[in-house]
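For reference, the chains in residue letters:
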Amino acid sequence: MDYSKEPHGVFMWIDNKSFYASVESIMLGLNPMKSVLVVLSENDNTNGGLILATSPQAKKRYNLSNVDRKRDLPNDPNMIIVPPRMNLYIKKNLEINQIFTHFTEDKYVYPYSIDESVLDMTHTWQLFGDSPKQVARRIQKTVKRKLGLYTTVGIGENPLQSKVALDILAKHDFQMMGTLTYETFGKKLWDVKPLNKVWSIGKNTAKHLNRYGIETLGDLAHTNPFWLKSQMGVIGGQLFAIANGIDRAQLDQPVRAKSKSVGNSQVLPHDYVHQDEIEVVIKEMGEQVASRLRHLGKQAKDIHLTVNYSFNARGKGYGKGFSHSHQIKATDQTPVLNQALIQIFKRYWRKGASVRKITVSYHQLTKVTHEQLDLFHHHKQQAKSSNVDKVIDHIREKFGNDAIIHPYSLEKGATRIKRNGLVGGHNGGNAFK
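Here we summarise the structure given alongside this text.

Take the side chain of Thr 151 next. By the element assignment, Thr 151 lies in strand 7 (residues 151-156). Classification of Thr 151 as buried rests on a relative accessible area of 1%. Those residues in contact with Thr 151, other than ones at most four positions away along the chain, are Ile 14, Asp 15, Asn 16, Gln 140, Val 143 and Met 176.

Below, the structure written as structure tokens:
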């Protein structure tokens, strides 16, 4: 294959090894590579406790993973179990990315997640070493010296190559580094299987390809791209490019969503079976998403509610739940949006079915450019409702989410007050302790 016309750069995809567990180990004065430590979230919605992170030694010794539960932990008095401190991890993430800006411009540091970042080193790597690998090693040592954290680095000529080098090569390398180029991509990776080991290829896509006899990345790389596209649409062409190490993404170009929406989902702390308690949570979520809507200066025409029943309800024949939408006149007013959500719930909820997860989302967003009057409601009443929402938003923005709450957040089943202290659904902790 001719790669001469493909973009050639120097990209480094950097992962902080066992990030949460490593941060906690360092805070305790321990070596993160030698400590036996687990970060365990025991919030009500974790069904008894969820393992968020394990140190390398804990993972190796007890074969634990980040999707295991509290019940999977061994009875070992030497194991350190700590609760998550999400604010602390965010603080450390910011410090790490600040270090990266010493090696490339701030605009070329792209945080991918709380523990991974992509660095475009194309224009600066030569300032710090004789080879990209030498520069990567220097970055690793700098992070280790300043923060005590170990990092894994994937190096490639484009972002895809760097990510795959990180996932498949670097994490099994003594120096925790892996390098891919257009020339070496096939030699190092075409034997890889199952296909979902490769970043961006999901299990279902891999199974789909397997049905065509495509088992390895090499099989995919040598499949006719036009046939792939005819069978799988646009994704077929993307898969062919991935298999050949091709990525034409411009990371500095913002991605514009064709159809924007705002929403939120919540796994409930236990099975909710009483209608009034379920409605309280829906109203709280509707209010929260409505506030985000107003912050964006948008109004919504399409209201969507998804309710997932518990396993217990499914076992009793209630099914998995429902997902429906309702069209309304464009608005950003909490009472109107909540009324639409409750209407959907009352219409489709099967009485007696216990609920475990709720998702609220607003779609078909339009800019707030004028006020559309409703002939069936007095315009002063509409203006009053809108002003109340804005005052509440302003108070919360200035004094915090707990500064003012709706009375239904004090009723049985409400979750808002407790969730205000969470970050990413887990304990925020204190970033400075």
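Right, let's get into unusual backbone geometry. Only a minority of non-glycine residues have a phi that is not negative, and only a minority of peptide bonds are not trans. Here the residue pair Lys 193 and Pro 194 is connected by a cis peptide bond, since its omega of 0° sits within 30 degrees of zero. Phi at Met 176 is positive, roughly 55°, even though this residue is not glycine. Positionally, Met 176 belongs in the loop between helix 5 (159-169) and strand 8 (177-179). The phi dihedral of Gln 364 falls on the positive side, at around 50°, and the residue is not glycine. By the element assignment, Gln 364 lies in strand 12 (residues 355-367). Judged by its relative accessible area of 39%, Gln 364 is partly exposed.

Another aspect to go through is the side chain of Ser 162. Turning to its location among the elements, Ser 162 is positioned in helix 5. With residues up to four places along the chain from it excluded, the contact list for Ser 162 reads Phe 11, Met 12, Trp 13, Gly 154, Ile 155 and Gly 156.

A word on the sheet that holds strand 1 (residues 11-16). The strand order across the open sheet formed by five strands is 5-6-1-7-8, and the pairing between neighbours is mixed. The open sheet is flanked by strand 5 (109-113) and strand 8, the only strands paired with a single partner. For this sheet the average axis-to-axis angle between neighbouring strands, irrespective of direction, equals 15°. In the packing of helix 3 (residues 86-100) onto the sheet, contacts are made with strand 1, strand 5 and strand 6 (116-120), and the angle to strand 5 comes to roughly 150°. Against the sheet, helix 5 contacts strand 1, strand 6, strand 7 and strand 8, and its axis sits at roughly 135° relative to strand 7.

Attention now goes to the sheet that holds strand 11 (residues 321-331). Reading across from one edge, 9-12-10-11 is the order of the four strands in this open sheet, with antiparallel pairing throughout. Single-partner strands in this sheet number two, and they are strand 9 (262-272) and strand 11. Adjacent strand axes in the sheet meet at a mean angle of 15°, parallel and antiparallel pairs treated alike. Pairing of strand 10 (residues 298-309) with strand 11 involves eight bridges; the strand directions are antiparallel. Looking at strand 11, one finds that Val 307 is bridged to Phe 322. Against the sheet, helix 11 (residues 275-295) contacts strand 9, strand 10, strand 11 and strand 12, and its axis sits at roughly 160° relative to strand 9. This element, helix 13 (residues 334-348), spans strand 10, strand 11 and strand 12 of the sheet and lies at about 150° to strand 11.

Our next topic: the pattern of salt bridges. Scanning all chains against the criterion turns up nine salt bridges. A salt bridge links Lys 92 to Glu 95, with the shortest nitrogen-to-oxygen separation between them at 3.5 Å. You can see Lys 92 and its partner Glu 95 sitting in helix 3, three residues apart, about one turn around the helix. We classify Glu 95 as partly exposed; its relative accessible area is 25%. A salt bridge links Lys 163 to Asp 167; the shortest N-O distance between them is 3.3 Å. Pair noted here: Lys 163 and Asp 167 are both in helix 5, with a separation of four residues, about one helical turn. When salt bridges that share partners are traced, they join Glu 116, Lys 163, Asp 167 and Lys 171 into one network.

Another aspect to go through is the nonpolar core. Core analysis: the biggest nonpolar cluster contains 34 residues, and Met 12, Val 39, Met 121 and Ile 139 have the highest contact counts within it. If you list the elements that add at least two residues to this core, you get strand 1, helix 1 (19-27), strand 2 (37-41), strand 3 (50-54), helix 3, helix 4 (132-147) and strand 7. Broken down by element, the residue count for this core peaks at six residues, all from helix 3. Setting aside chain neighbours within four positions, we find Ile 139 in contact with Met 12, Ile 14, Phe 100, Phe 103, Leu 119 and Met 121.

With that settled, the discussion passes to the packing of helix 1 against helix 3. In the contact formed by helix 1 and helix 3, the axes pass within 10 Å of each other and the chain directions differ by 95°. As judged from the angle between their axes, helix 1 and helix 3 are roughly perpendicular. In this structure, helix 1 contributes Phe 19, Tyr 20, Val 23, Glu 24 and Met 27 to the contact, and helix 3 contributes Met 86, Leu 88, Tyr 89, Lys 92, Asn 93 and Ile 96. Grouping the amino acids of the contact of helix 1 with helix 3 by side-chain chemistry returns eight nonpolar, one polar and two charged.

As enumerated under the stated definition, the model contains 12 aromatic pairs in all. When the centroid spacing of 4.3 Å and the interplanar angle of 10° are considered together, the rings of Tyr 20 and Tyr 89 count as stacked. Taken together, the positions of Tyr 20 in helix 1 and Tyr 89 in helix 3 put the pair 69 residues apart, joining distant regions of the chain. Judged by relative accessible area, which is 0%, Tyr 89 ranks as buried. Aromatic side chains Tyr 112 and Trp 199 sit 6.3 Å apart centroid to centroid with 75° between the ring planes, which places their arrangement in the edge-to-face category.

So, about the pairing of strand 2. By the criterion of burial, strand 2 is predominantly enclosed, with five of the five residues buried. A two-sided burial pattern is seen for strand 2, the buried positions comprising Leu 37, Val 39 and Ser 41 on one face and Val 38 and Leu 40 on the other. Sheet analysis places strand 2 next to strand 4 (residues 80-82), joined by three bridges and oriented parallel. By the bridge assignment for strand 4, Val 39 is matched with Val 82. Two strands pair when backbone bridges link them, and strand 2 and strand 3 are joined in this way by four bridges, in the antiparallel orientation. Looking across to strand 3, one finds that Val 39 is bridged to Ala 53.

Basis of the calculations
- Residues numbered from 1 in each chain as written.
- Predicted model: local features only at pLDDT ≥ 70, side-chain atom pairs only at ≥ 80, totals over all residues.
- Heavy atoms only, no water.
- Helix = DSSP H or I, 4+ residues; strand = E, 2+ residues; numbered from the N terminus.
- Buried < 20%, exposed > 50% of the residue type's maximum accessible area, 1.4 Å probe, protein only.
- Contact = heavy atoms within 4.5 Å.
- Pairing = 2+ DSSP bridges.
- Axes fitted to C-alpha atoms, helices over the stretch in contact; angles between N-to-C directions.
- Salt bridge = Lys/Arg side-chain N within 4 Å of Asp/Glu carboxyl O.
- Core = buried A, V, L, I, M, F, W, Y, C linked by side-chain atoms within 4.5 Å.
- Parallel < 35°, antiparallel > 145°, perpendicular 65-115°, else oblique.
- Nonpolar A, V, L, I, M, F, W, Y, C, P; charged D, E, K, R; others polar.
- Phe/Tyr/Trp six-rings, centres within 6.5 Å; stacked < 30°, edge-to-face > 60°.

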